[in-house]
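# Understanding the architecture of this molecule
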Amino acid sequence: MTNLTTIPSAGATTAEPPAPAKETGRRVNPLGGVAHLALFLWALATVGPLIWVALASFKTNEEIFLDEPFGLPQSWAFKNFADAWSEAHIGQYFLNSVFVVLLSTAGTMLLGSMAAYVLARYRFPGNRFIYYLFVSGLAFPTFMALAPLFGIAQAMNLLDSFFGLIVIYIAYSLSFTVFFLVAFFRTLPHEIEEAATVDGAGHVRRFFQVMLPMAKSGLVSIAIFNIVGQWNQYLLPVVIMQSEDKYVLTQGIANISVSAGYQAEWGQLFAALTLSILPMIIVYAVFQRQIQAGLTSGAVK
Amino acid sequence: MRHGKYPFIIGFLAVPVALYAIFVVGAYLQMFRLSLTDWSGYGTFKDIGFDNFVKLWNDEVIWTALRHNGFLLLVMPIVTIAIALLFAFLLNVGGGSKGGMTRGVWGSKIYRVVFFFPQLLALALVAVIFQRVYGPDKSGMINGLLPDSWEPWLFLADEKWALTCILIVLIWQAVGFYVVLFSAGMGSIGQEIYEAAALDGASRITLFFKITLPLLWGNIQVAWIYLGIAAFDAFALVNIMTVNQGGPNNSTQVLSMQIYLNAFKYSQAGYASAIGVVLFFLALSFAWLTLRVTRSDSVEA
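Conventions used here
- Residues numbered from 1 in each chain as written.
- Chains lettered and ligands numbered in written order.
- Predicted model: local features only at pLDDT ≥ 70, side-chain atom pairs only at ≥ 80, totals over all residues.
- Helix = DSSP H or I, 4+ residues; strand = E, 2+ residues; numbered from the N terminus.
- Rg over C-alpha atoms; globule rule 2.2 N^0.38 Å.
- Buried ≥ 20, exposed ≤ 12 C-beta atoms within 10 Å, placed from the backbone.
- Contact = placed C-beta atoms within 7 Å.
- UniProt positions renumbered as here; feature names shortened; annotations may be inferred.
- Axes fitted to C-alpha atoms, helices over the stretch in contact; angles between N-to-C directions.
- Parallel < 35°, antiparallel > 145°, perpendicular 65-115°, else oblique.
- Left-handed = near helix turned anticlockwise from the far one by under 90°.
- Nonpolar A, V, L, I, M, F, W, Y, C, P; charged D, E, K, R; others polar.
- Expected span 1.5 Å × (residues − 1).
- pLDDT = per-residue confidence, 0-100.

## Focus: the overall build of chain B
Tallying secondary structure elements over chain B gives 13 helices and two strands in all. Against the globule reference of 19 Å for 301 residues, chain B gives a C-alpha radius of gyration of 24 Å, more extended than a compact globule. Over its C-alpha atoms, taken along the principal directions, chain B stretches across nearly 80 × 75 × 35 Å. In chain B, which comprises 301 residues, the share counted as buried stands at 46%. Counted over contacts in chain B with a minimum sequence separation of 6, partners at least 24 positions apart contribute 66%.

As structure tokens, then:
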């Protein structure tokens, strides 16, 4: 900072009006100040609404309409949370989401890595065709074929069933999972696999005992990507799940939001929101690095 | 290796390919078939030729939705990328240079962690939060913060501003992800390039436009595609936040909402499929255009 900026100005002192006094000491970087301000304001805009939600979840309806959005609640009572848990069924929605995402991510990872392994490492007629069939799915938004998807689920008796939702999550996650893992498997060395073949390991054993352990970093990234994506899915459950006790969290929250409007139970809605955001903050605090790496892995290859 | 190769390949591919073929490829194929029928979503249907497409051409709401999608598709990526580039630059080299080393501003790690967090929240959750943030009375966060004497702003209930409100939420959620993505890209640009340029007397603004931007071009293209997909969907936001699912007076209507409404609310699943078919060709041309642009770029480089 010092050597770059002071040398030219020192040489030009005679021609220019006398520099301000602080020029001689540590020069304050004006861009630095603006930069700090901009970053700080965006951070404020990011956490502001979340803090507001957390504060409001302790407030009564009257306090929420008091025109002091960031005022502290009069008492830190947990009544709203208890109501959100029991009356608004946020706990049920939460467990439904956990159940669905656990199975659908596991299924996506197993089936996706199996397909990707075969497509990346074996030559056979139709290999390119199947690969491009999977990858072409990336070009189209999920909502495009919503009506026929509903028809298919209906014909197969999969409407309003967890099994149906899980299977559909898996099907729609395969495009990206296969695309990502094929590229990843191709980068892994062939030598260890060949050594295992010499040792008499069959195809299946080679996949589970040699390839998967080698591919761990890629598998973790894509697993995180799928967990976040499926946890946050909203469109598919809205179409598939119809009875309220089977709603997943995103659907449930949207539902609470609508009924909060009718019954004017805003505190309950904010408590439900806080309860859904809190686990994300905890998970993010613990796995911040892995999550950032996992979610950006699709973009940096 | 040789014996049992095909049974193994078939065994590994059967389930993933079957799931994908039924729920994704199957839905896309049926979409074409159903677009020529008067299917309501339940029961039987009959062929009506190209009636749905004629109706579509004359449907004002579809054109409005298409215009809104176009607006989001154009503005959302540009603004998000611009803000993210600026923040990533400030975080990485905004702190000026010390002993010839450019560095990020103070606290850049914390900023990165905070900015990224909204990416982890489900869009449905974000939609519910911001519906309250934009609340049209004093219980809304923004109206609560405005001076008491002001009339409350209507936000989502105001035809003129509703779509902009949606746009702002999309940007709010997306920026952090691209700050992290671009930061990773900038981190891989060698320090010595910046040092050399700084020794030549280049200002920070020159550094940004002459060094950072060209070297990040690949990342920016990826960001463009991802943001385009996100801007094109927007279903969760429009369905949850807006007045009357796309209102007021269709001022926030988008194609995803139109497909959903026609398929599940207006009992016009055949018509919803026809909208899907149009979307199919739009997405295909977008993908084709993207491939062409990125390919011609890589030849130049």
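Next comes the rest of the description.
## Quick notes on the overall build of chain A
Across its full length, chain A holds 14 helices and zero strands. The helix and strand sequence of chain A, counted from the amino end, reads α-α-α-α-α-α-α-α-α-α-α-α-α-α. Taking all contacts inside chain A whose residues are at least 6 apart in sequence as the whole, residues at least 24 apart take part in 73%.

## A look at the UniProt feature "domain: ABC transmembrane type-1" (unreviewed entry) in chain A
Mapped onto this structure's residue numbering, the UniProt feature "domain: ABC transmembrane type-1" (unreviewed entry) falls at residues 94–287 of chain A. End-to-end, the C-alpha atoms of residues 94–287 of chain A are 20 Å apart, and along that stretch the chain is 79% helix and 0% strand.

## Details of the UniProt feature "transmembrane region" (unreviewed entry) in chain B
All names here are of chain B. The UniProt feature table records "transmembrane region" (unreviewed entry) at residues 7–29, 71–93, 113–134, 161–184, 223–243 and 269–291. From the first C-alpha to the last, residues 71–93 spans 33 Å; its make-up is 100% helix and 0% strand. Across residues 269–291 one finds 100% helix and 0% strand; the C-alpha atoms that close the span lie 32 Å apart.

## Concerning the packing of helix H5 (residues 90–121) of chain A against helix H1 (residues 5–34) of chain B
Two elements in contact, H5 of chain A and H1 of chain B, have axes whose closest approach is 9 Å; the angle formed by their N-to-C orientations is 130°. Between H5 of chain A and H1 of chain B, the interaxial angle falls into the category oblique. By crossing handedness, the relation of H5 of chain A to H1 of chain B is classed as left-handed. Contact with H5 of chain A, carried on its side by Leu111, Gly112, Met114, Ala115, Tyr117 and Val118 of chain A, involves Ile9, Phe12, Leu13, Val15, Pro16 and Val17 of chain B of H1 of chain B and no other residues of that element. Taken together, the residues of the contact of H5 of chain A with H1 of chain B sort by class into eleven nonpolar, one polar and no charged.

## Some points on unusual backbone geometry
All names here are of chain B. Even without a glycine there, the phi angle at asparagine 249 is positive, about 55°. Its location among the elements puts asparagine 249 in the loop between helix H11 (235–241) and helix H12 (255–264). Positive phi is not limited to glycine here, since asparagine 250 has a value of about 60°. With respect to the helices, strands and loops of the structure, asparagine 250 is situated in the loop between H11 and H12. When the 20 C-beta atoms within 10 Å are taken as the criterion, asparagine 250 is described as buried.

## Remarks on the interface of chain B and chain A
Facing 82 residues of chain B, the contacting portion of chain A comprises 78 residues. Among the elements that take part in the side of chain B that touches chain A, H1 of chain B stands out by supplying 19 residues, more than any other. A class-by-class count of the residues in the side of chain B that touches chain A yields 62 nonpolar, 15 polar and five charged.

## Observations regarding the UniProt feature "transmembrane region" (unreviewed entry) in chain A
Per the UniProt annotation, the sites labelled "transmembrane region" (unreviewed entry) are residues 34–55, 93–117, 129–150, 162–185, 206–228 and 266–287 of chain A. Regarding residues 266–287 of chain A, the helix share stands at 100% and the strand share at 0%, and the terminal C-alpha atoms are separated by 32 Å.

## Concerning helix H10 (residues 217–233) of chain B
Residues and elements named next belong to chain B. Under the 1.5 Å per step criterion, the end-to-end length of H10 is 25 Å for 17 residues, consistent within 8% with the ideal 24 Å. Those residues of H10 not exposed but buried are Asn219, Ala223, Leu227, Ala230, Ala231, Phe232 and Asp233. Where H10 is buried, its residues meet helix H3 (60–93), helix H7 (162–187), H11 and H12. Of the residues flanking the end of H10, it is alanine 234, one or two places downstream, whose phi is positive at about 55°.

## Notes on the confidence of the model for chain B
Looking at chain B as a whole, the pLDDT averages 83, with 92% of positions reaching at least 70. In the model output, the complex is listed with pTM 0.83 alongside ipTM 0.83.

## A closer look at helix H7 (residues 146–155) of chain A
Residue and element names in this part refer to chain A. Burial of H7 is extensive: seven of the ten residues sit out of reach of the surface. All buried positions along H7 are accounted for by Leu146, Ala147, Pro148, Leu149, Phe150, Gly151 and Ala153. Asparagine 157, located one to two residues past H7, shows a positive phi value of around 65°.

## Remarks on the environment of asparagine 69 of chain B
All names here are of chain B. Secondary-structure assignment places asparagine 69 in helix H3. Given 21 C-beta atoms within a 10 Å radius, asparagine 69 is considered buried. In this structure, the C-alpha to C-alpha distance between asparagine 69 and proline 214, residues 145 residues apart in sequence, is 29 Å. Not counting chain neighbours up to four residues away, the residues in contact with asparagine 69 comprise Phe232, Val254 and Leu255.

## Observations concerning the packing of H5 of chain A against helix H11 (residues 216–231) of chain A
Residues and elements named next belong to chain A. Across the interface, H5 lies against H11 with an axial gap of 9 Å and an inter-helix angle of 140°. The angle between H5 and H11 falls in the class oblique. As H5 runs across H11, the sense of the crossing is right-handed. Within the contact between the two elements, H5 uses Ser97, Val101, Ser104, Thr105, Thr108, Met109 and Ser113 and H11 uses Leu219, Ala223, Asn226, Ile227, Gln230 and Trp231. Of the residues that constitute the contact of H5 with H11, the class distribution is six nonpolar, seven polar and no charged.

## Re the environment of serine 243 of chain A
Looking at the element boundaries, serine 243 of chain A is found in the loop between helix H12 (235–240) and helix H13 (249–263). Serine 243 of chain A sits 82 residues away from serine 161 of chain A along the chain, and the two C-alpha atoms are 9.5 Å apart.

## A closer look at the confidence of the model for chain A
In this model, chain A carries an average pLDDT of 81, and 88% of its residues clear a pLDDT of 70 or more. The low-confidence segment residues 1–28 of chain A (pLDDT under 50) makes twelve contacts with residues lying over four places distant or belonging to another chain.

## Description of the environment of serine 175 of chain A
Residue and element names in this part refer to chain A. Inspection of the secondary structure puts serine 175 in helix H8 (residues 162–187). In the structure, serine 175 is positioned 42 residues away from leucine 133 in sequence and 8.4 Å away in space, judged by C-alpha atoms. Ignoring anything within four residues of it in the chain, the contact list for serine 175 reads Phe134, Val135, Gly137 and Leu138.

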